[in-house]
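For reference, the chains in residue letters:
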Amino acid sequence: MKPNRYCSMADKGMVAGLLTLSATVIFQGAVFADSLFQTTPSADVTVPQTMRIATTQTSNQIIKRVATILRPAPSTVSKTTETSMRMGDTLLASADGKEQAKTEYFKVSTSVNGMTMIRIRPLTRLNDHKDQNGSTGLSAGSVPSSFGVWLQDSLTSATDKSASTNMHSGMNVAVLGGDYKISNNIVGGFALTHEKMGARTYFNNGQIDSIGLGIAPYMGYQLDDSVSFNLLSGYTALSIDQKMAGVDSSLNGHRWFYNAQSNYHLPMDDGLSFNLFAGLMGANEFHKSYYDNSGTAFSSRRVGLTQASLGGEMSKLMDNQYELFVNTSVEYDIRHASVPNKSYDPLGANVGGGSRFNFSDVLTGELAASVSFGRTDLEERSLTGNLRYEF
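**Some remarks on the overall build of the chain**
Okay, so step 1: For the chain, the count of helices and strands is two helices and 21 strands.
Okay, so step 2: By the burial criterion, 44% of the 391 residues in the chain qualify as buried.
Okay, so step 3: Of all intrachain contacts in the chain linking residues separated by at least 6 positions in sequence, the fraction that spans at least 24 positions is 62%.
Okay, so step 4: In the form shown here, the chain has an accessible surface area of approximately 19700 Å², with 62% of it arising from carbon and sulfur atoms.

**Observations regarding the side chain of Gln-222**
Okay, so step 1: By the element assignment, Gln-222 lies in strand β11 (residues 206-222).
Okay, so step 2: The class for Gln-222 is buried, based on a relative accessible area of 5%.
Okay, so step 3: A distance of 2.5 Å separates a polar atom in the side chain of Gln-222 from the backbone oxygen of Asp-224.

**Comments concerning the nonpolar core**
Okay, so step 1: The biggest cluster of nonpolar side chains holds 34 residues, and the ones touching the most others in it are Met-51, Ile-62, Met-171, Val-175, Ile-208, Tyr-218 and Leu-232.
Okay, so step 2: Examining the composition of this core, we find that nine residues originate from one element, helix α2 (residues 42-70), more than from any other.
Okay, so step 3: Each residue touching Val-175, except ones within four places of it in the same chain, is listed here: Gln-61, Ile-62, Trp-150, Leu-151, Gln-152, Ala-191, Leu-192 and Thr-193.

**Looking at unusual backbone geometry**
Okay, so step 1: Positive phi, normally seen in glycine, also occurs at Asn-205, with a value near 55°.
Okay, so step 2: Mapped onto the secondary structure, Asn-205 falls in the loop between β10 (186-201) and β11.
Okay, so step 3: Of note in the backbone geometry, Asp-377 takes a positive phi value of approximately 65° without being a glycine.
Okay, so step 4: Assignment of secondary structure puts Asp-377 in the loop between β20 (363-373) and β21 (378-390).
Okay, so step 5: On the basis of relative accessible area, Asp-377 is assigned to the partly exposed category, the value being 36%.

**Observations regarding the pattern of salt bridges**
Okay, so step 1: Within the structure shown, the criterion is met by 14 salt bridges.
Okay, so step 2: Measuring nitrogen to oxygen at the nearest pair gives 2.4 Å for the salt bridge that ties Glu-380 to Arg-52. In this pair, Glu-380 sits in strand β21 while Arg-52 sits in helix α2, placing the two residues 328 residues apart along the sequence.
Okay, so step 3: On the accessibility criterion, Glu-380 (10% relative accessible area) is buried.
Okay, so step 4: Looking at Arg-52, the relative accessible area reads 2%, which means it is buried.
Okay, so step 5: When the shortest N-O distance is used, the salt bridge between Glu-379 and Arg-381 registers 3.5 Å.
Okay, so step 6: One continuous salt-bridge network, built from bridges that share partners, spans Arg-52, Glu-331, Asp-333, Arg-375 and Glu-380.

**Notes on the packing of aromatic side chains**
Okay, so step 1: If you walk through the whole model with that rule in mind, you get six aromatic pairs.
Okay, so step 2: Ring geometry for Tyr-235 against Trp-256: centres 4.7 Å apart, planes inclined by 55°, an arrangement best described as tilted. Separated by 21 residues along the polypeptide, Tyr-235 in strand β12 (residues 227-244) and Trp-256 in strand β13 (residues 247-267) bring together distant segments of the chain.
Okay, so step 3: What makes Trp-256 exposed here is its relative accessible area of 52%.
Okay, so step 4: For the pair Tyr-290 and Phe-298, a centre-to-centre distance of 5.0 Å together with 15° between the ring planes defines the contact as stacked.
Okay, so step 5: Under the relative-accessibility criterion, Tyr-290 is labelled buried at 8%.

Definitions and limits used
- Residues numbered from 1 in each chain as written.
- Predicted model: local features only at pLDDT ≥ 70, side-chain atom pairs only at ≥ 80, totals over all residues.
- Heavy atoms only, no water.
- Helix = DSSP H or I, 4+ residues; strand = E, 2+ residues; numbered from the N terminus.
- Buried < 20%, exposed > 50% of the residue type's maximum accessible area, 1.4 Å probe, protein only.
- Contact = heavy atoms within 4.5 Å.
- Areas by Shrake-Rupley, 256 points an atom, 1.4 Å probe, with all protein chains shown as cover.
- Polar contact = N/O pair within 3.5 Å; in protein donor to acceptor, adjacent residues only side chain to side chain.
- Core = buried A, V, L, I, M, F, W, Y, C linked by side-chain atoms within 4.5 Å.
- Salt bridge = Lys/Arg side-chain N within 4 Å of Asp/Glu carboxyl O.
- Phe/Tyr/Trp six-rings, centres within 6.5 Å; stacked < 30°, edge-to-face > 60°.

Bear in mind that shape data such as this cannot, by itself, settle questions of function.
Structure follows, in structure tokens:
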């Protein structure tokens, strides 16, 4: 018997039915996936990114401020034809001929045939001061300062282009801090933080707004002229409002965070200096359970983040009035929250620059801008300003 080369009508009907069923399953799956994001609260989807941005902006503002306070000022070199005047470990030197003890500020580099090369030690910005002939550092004050207060504000614009988490957000983080020089190489302080975020969540045709108030104690330790360590921890109380497709809800939460950073500072000639830094940042954010205005209940949620970073900065002191700088860094999220139907990109990079200003002996400032890139479908841009007053 020859094999039947043609399908019967029943076979054709079965094949058509299977194709129709497959198409229906695929279509319904797509509809379900789309409806999942249409009905998922905005906070559940956006929290991995908003928590990372908020924690980075808040903790980095504080940790970088401590690093700047501790960082040695650019060193200078001068020569004198006077015979070396060393008495034990004390070097006596003065441009106007009056002997003044400068053990804390000066040291002899070389002494050959009566000519002494005197180098001004790279003084930390904790105890920089101006003498009668000029200044020794950007943040110099007339006398070593024990107290300092500072105010910093940053604006960050972020865009997520991924279809499942498409949104555009703006975040403002303001920090008011005060610190005290515990010793010549230790500074401790306390900061109050305020964050405000608003985001248009296109993935569910919604909107999310949040406000956070926090506290963050911090400290810095200067090991020597080159190495310093900074540490902070903090707590932020959160209030979140969200809307989507006519459904409104509000919830409360909180965030714990920390940031530890080490710095290596290398002063060079002509007011140039290089700073290398490495850090580890972590956060845990908790959202309490809540109901939306339709009566739907949502359970509590906890998310976490651990991020390692490495970067460097090159700066140039100009006329002892302002300091230009450029910096770059890479960051990797060791631990992070996940979002349904989207792969998380843990690797990112930043590049920025700006200027620090010496307005007076006790008032300094900084203005900087940065761009973050490297994470898939994510773009971030930030602008930061700072003022510091020393007593």
